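So you can see what is in the structure, the chains are spelled out below.
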Amino acid sequence: MPINFYGYGPRLLEGALLTAELAVLSLILALALGLLAASAKLSRSGPLRVLATIYSTAIRGVPELVLMMLLFYGGQIGVNMLTDRINAWAGTDYFINLNPFAAGVITLGVIYGAYMCETFRGAFLAVDSGQIEAAKAYGMSEWLAFRRVRFPLMMRHALPGLNNNWMVLLKATALVSIIGLTDMVRIADQATKATHLPFLFLIPVGLGYLAITTVSEIGVAWLRRRYDTGFNTDGA
Amino acid sequence: MTESYTPLVVRDLHKSFNGNPVLEGLSLEAHVGDVITLIGSSGSGKSTFLRCMNLLEIPNEGDVIVHGEPVKFCVKRGERHPADWKQVERIRGKLSMVFQGFNLWAHMTLIGNVIEAPVHVLGLSKKEARERGMALLERVGLADRADYFPAQLSGGQAQRGAIARALAMEPEVMLFDEPTSALDPELVGDVLKVMRELADEGRTMVVVTHEMDFARDVSSQVIYLHKGQIAEAGKPGDILEKPGTPQLKQFLGPRF
């Protein structure tokens, strides 16, 4: 029996797609930033350590919502100030509109990068130092030792935390509706206001998130098996 | 080609940790085929000495010269660093180390461990490295364990595997850092047997050990360290049979 979504069905699907895209792109950015910040925190360079500590402390201490509004509105004002300067100097008339999707990806990526940083840092520290020492002793460069030894061993410790961060990130994408992005929450909200049928729209939205997390659990299970190689020895 | 190079020369090495001197002017020369054992009580600096040779610890003073090539150092903000890490990596590739705790890479199979550095550091093809690696595992009696992970091996097997990994680099000098200290007594013999065979075939080795029988029977030179200094050095027949210092007498036990 097909459910009547009062014409909102296709838009809900579009919204779900936007949620998924936003979440995946933010995740990639967050992982990259987290890895960089964790490496900086553990590096021998004092300034890098300070910078990374400020990043992870400041970002984790401020609500996502505030940061998102700050970046979206403040970001636009900042871009405008910059283009005004350039226009005044060069006599041109440029205007750059900060795309809400990009703003959403950047904000979520920057915020969750700070959480990923802490997860990665803990995981790096959990790797037995003898493993890294052996890599050095056999003539590996820092990068090679990272790629072949430190990273694969670290991922085993990082995965549970990364998975947790990913779940929280996915659900935080709902916040982008406040900066004008039509994700599935915003569409459900519009539909509910128009039809006064909250269950009809909000339950599918909940199921939509559940569907994304279920699919991602399969991916995480695969990664877990991969990085457990050599540890879970009855499976070898 | 001249035969007269020296695989490893260490001159007047000093090392301190946080201002506490650990090594105070140690020197050593390993010629081709030498087996030099470093003995001494814990805290005497023997492991640190060994770790300075492949720059896992950076000596504060002194030279490390591998196959005629001195490691270049520079001083930055009062601290001594290698001037060229690429050089250090190249030199480390010539000095394979066998660790007390094996340190086989846990996420790779045994054969994966053996071919890892030959493929990624020396640039051998996987096929060639594998052939060589399997021959080495055969030598140390582990051919049937090639596809096992380190966690599935006994300590003795893991250490013999680690020796195969070291041999795969075709090193100038092999550095052994207490290779039998973490093993159950009944497993020590297998590892020592492999090491004796390596010595017999003319490998150049520097061995930190507590195995006095090994030091006596196998080494060409024994160096006794006490409080970061070379207290005695010489042929095992001399210094182990007729120790000159009261410290070594005490270290060797009630026989003296």
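To be clear, the structure that these remarks concern was listed above.
Residues numbered from 1 in each chain as written. Chains lettered and ligands numbered in written order. Predicted model: local features only at pLDDT ≥ 70, side-chain atom pairs only at ≥ 80, totals over all residues. Heavy atoms only, no water.

J.: Any chance you could explain the overall build of chain B here in plain terms?
T.: Within chain B, the regular secondary structure consists of 9 helices and 12 strands. Taking 18 Å as the expected radius of gyration for a compact globule of 256 residues, we find that chain B reaches 18 Å, a close match to that expectation. Dimensions of chain B, computed from the C-alpha atoms along their principal axes, are close to 50 × 50 × 40 Å. By the burial criterion, 55% of the 256 residues in chain B qualify as buried. A sequence separation of at least 24 residues applies to 62% of the contacts in chain B between residues at least 6 apart. Surface summary for chain B: the accessible area is close to 11,200 Å², and the carbon and sulfur share equals 47%. In chain B, which carries 29 positive and 34 negative side-chain charges, the distance between the mean positions of the two groups comes to 3 Å. (Helix = DSSP H or I, 4+ residues; strand = E, 2+ residues; numbered from the N terminus. Rg over C-alpha atoms; globule rule 2.2 N^0.38 Å. Buried < 20%, exposed > 50% of the residue type's maximum accessible area, 1.4 Å probe, protein only. Contact = heavy atoms within 4.5 Å. Areas by Shrake-Rupley, 256 points an atom, 1.4 Å probe, with all protein chains shown as cover. Lys, Arg positive; Asp, Glu negative; His and termini not counted. Charge placed at Lys NZ, Arg CZ, Asp CG, Glu CD.)

J.: How do you make sense of the interface of chain B and chain A when you look at a structure like this?
T.: Reports often express the size of an interface as the amount of accessible area lost when the parts come together. Counting from both sides, the interface comprises 28 residues of chain B and, opposite them, 24 residues of chain A. Interface area, chain B with chain A, both sides summed: about 2,200 Å², of which 61% is carbon and sulfur. Where chain B touches chain A, the interface holds 2 salt bridges. B:Glu116 is the salt-bridge partner of A:Arg148, the closest N and O atoms lying 2.7 Å from each other. Taken together, chain B and chain A are joined by 8 residue pairs in polar contact (both at pLDDT 80 or more). Looking at the side of chain B that touches chain A, the elements with two or more residues in it are α2 (85-92), β8 (95-98), α3 (110-120) and α5 (155-167) of chain B. The residue inventory of the side of chain B that touches chain A, partitioned by class, reads 15 nonpolar, 7 polar and 6 charged. (Buried area = accessible area lost by both parts, 1.4 Å probe. Salt bridge = Lys/Arg side-chain N within 4 Å of Asp/Glu carboxyl O. Polar contact = N/O pair within 3.5 Å; in protein donor to acceptor, adjacent residues only side chain to side chain. Nonpolar A, V, L, I, M, F, W, Y, C, P; charged D, E, K, R; others polar.)

J.: Explain α2(B) here, please?
T.: Turn by turn, an α-helix covers 3.6 residues, leaving residues three or four places apart pointing in a common direction. Of all the positions in α2(B), only B:Gln87, B:Val88, B:Glu89, B:Ile91 and B:Arg92 are classed as buried. Turning to α2(B), the residues buried within the fold contact α5 (129-137) and α6 (142-172) of chain A together with β4 (61-66), β5 (69-70), β7 (79-82) and β8 of chain B.

J.: I would appreciate a short explanation of the side chain of A:Ser56 in the present structure.
T.: Structurally, A:Ser56 can be placed in helix α2 (residues 46-60). Excluding its chain neighbours within four sequence positions, the residues that come into contact with A:Ser56 are A:Lys41, A:Ala114, A:Cys117 and A:Glu118.

J.: Looking at this structure, I do not really get the pattern of salt bridges. What am I missing?
T.: Opposite charge on two side chains permits them to pair, given that their charged atoms come into close proximity. Under the criterion given, the structure shown has 21 salt bridges over all chains. A salt bridge links B:Asp144 to B:Arg145, with the nearest nitrogen and oxygen atoms 3.1 Å apart. Assessed through its relative accessible area of 54%, B:Asp144 is described here as exposed. Judged by its relative accessible area of 22%, B:Arg145 is partly exposed. Beyond isolated ion pairs, a larger network of salt bridges with shared partners links A:Lys41, A:Arg60, A:Glu118 and A:Arg121.

J.: Just to check I follow, could you spell out the environment of B:Gly25 for this structure?
T.: Residue and element names in this part refer to chain B. Secondary-structure assignment places Gly-25 in strand β2 (residues 20-30). The sequence separation of Gly-25 and Gln-229 amounts to 204 residues, and the corresponding C-alpha distance is 6.8 Å. Ignoring sequence-local partners within four residues, the contact set of Gly-25 consists of Asp-12, Leu-13 and His-14.

J.: Sorry, what's going on with the packing of aromatic side chains here?
T.: In this description, an aromatic ring pair is defined by two values, namely the gap between the centres and the angle between the planes. Tallied over the full model, the rule gives 9 aromatic pairs over all chains. The interplanar angle of 40° and the centroid separation of 5.5 Å between the aromatic rings of B:Tyr224 and B:Phe251 together place this pair among those described as tilted. With B:Tyr224 in strand β11 (residues 221-226) and B:Phe251 in helix α9 (residues 246-252), this pair connects stretches of sequence that are 27 residues apart. A residue is classified by how much of its surface remains accessible, and B:Phe251, at 25% relative accessible area, is partly exposed. Pairwise contacts between aromatic rings join A:Phe124, A:Trp143, A:Phe146, A:Phe151 and A:Tyr227 into one cluster. Over the ring of B:Tyr148 we find B:Arg145, and its NZ or CZ is 4.9 Å from the ring centre. Sitting above the plane of the B:Trp105 ring, B:Arg165 keeps its charged end 4.4 Å from the centroid. (Phe/Tyr/Trp six-rings, centres within 6.5 Å; stacked < 30°, edge-to-face > 60°. Lys NZ or Arg CZ within 6 Å of the ring centre and 35° of its normal.)

J.: Help me out: how do you make sense of the sheet that holds β5(B) in this one?
T.: Hydrogen bonding along the main chain pairs the strands of a sheet, whether they run parallel or antiparallel. All names here are of chain B. With respect to topology, 4 strands assemble into an open sheet ordered β2-β1-β4-β5, the strand pairing being antiparallel. Lying at the two open borders of the sheet, with one neighbouring strand each, are β2 and β5. Pairing of strand β1 (residues 8-17) with β2, which is carried by 8 bridges, proceeds in the antiparallel orientation. Within β2, the residue paired with Lys-15 across the bridge is Leu-23. (Pairing = 2+ DSSP bridges.)

J.: When you look at the environment of B:Glu89 in this model, what are you seeing that I'm missing?
T.: Along the polypeptide, B:Glu89 turns up in helix α2. Judged by its relative accessible area of 13%, B:Glu89 is buried. For the pair B:Glu89 and B:Val121, spaced 32 residues apart in the sequence, the C-alpha separation amounts to 8.9 Å. Apart from residues no more than four positions distant in its own chain, B:Glu89 is found in contact with A:Gly139, A:Met140, A:Ser141 and A:Glu142.

J.: Help me understand a nonpolar patch on the surface in this model?
T.: Residue and element names in this part refer to chain A. Together, Leu-65, Met-69, Tyr-73 and Ile-178 make up an exposed nonpolar region whose accessible area comes to about 340 Å². Position of Ile-178 among the secondary structure elements: in the loop between α6 and α7 (184-195). Take Ile-178: its relative accessible area is 38%, and that puts it in the partly exposed class. (Patch = residues over 30% accessible without salt bridge, like charges linked within 9 Å, V, L, I, M, F, W, Y side chains within 5 Å.)

J.: Looking at this structure, I do not really get helix α4 (residues 126-139) of chain B. What am I missing?
T.: Residues and elements named next belong to chain B. Across its 14 residues, α4 extends 20 Å between first and last C-alpha, which sits within 8% of the 20 Å expected from 1.5 Å per residue. Inspection of α4 places Ala-129, Gly-133, Leu-136 and Leu-137 among the buried residues, and these make up the whole buried set. The buried side chains of α4 occupy one side of the element, clustering within an arc of 100° when seen end-on. Facing away from the buried surface of α4 by more than 90 degrees, the exposed residues are Lys-127 and Glu-138. Its buried side turned inward, α4 meets α3 and α5. Following α4 by one or two positions, Gly-141 has its phi on the positive side, about 75°. (Expected span 1.5 Å × (residues − 1). Arc of directions from axis to C-beta.)

J.: What should I look at first to understand the nonpolar core in this one?
T.: One recurring pattern in soluble globular proteins: nonpolar side chains tend to sit buried together. Counting 138 residues, the largest nonpolar core has A:Phe120, B:Leu8, B:Leu28, B:Phe49, B:Met53, B:Ile163 and B:Met205 as its most contacted members. In terms of residue count, α6(A) provides more of this core than any other element does, 14 residues in total. Residues in contact with B:Met205, not counting those within four places in the same chain, are B:Asp34, B:Val35, B:Ile36, B:Val173, B:Met174, B:Phe176, B:Met195, B:Leu198, B:Ala199 and B:Phe214. Counting 9 residues, the second-largest nonpolar core is a separate cluster that includes B:Ile39, B:Met212, B:Tyr224 and B:Leu248. (Core = buried A, V, L, I, M, F, W, Y, C linked by side-chain atoms within 4.5 Å.)

Just distances and angles here, no functional claims.
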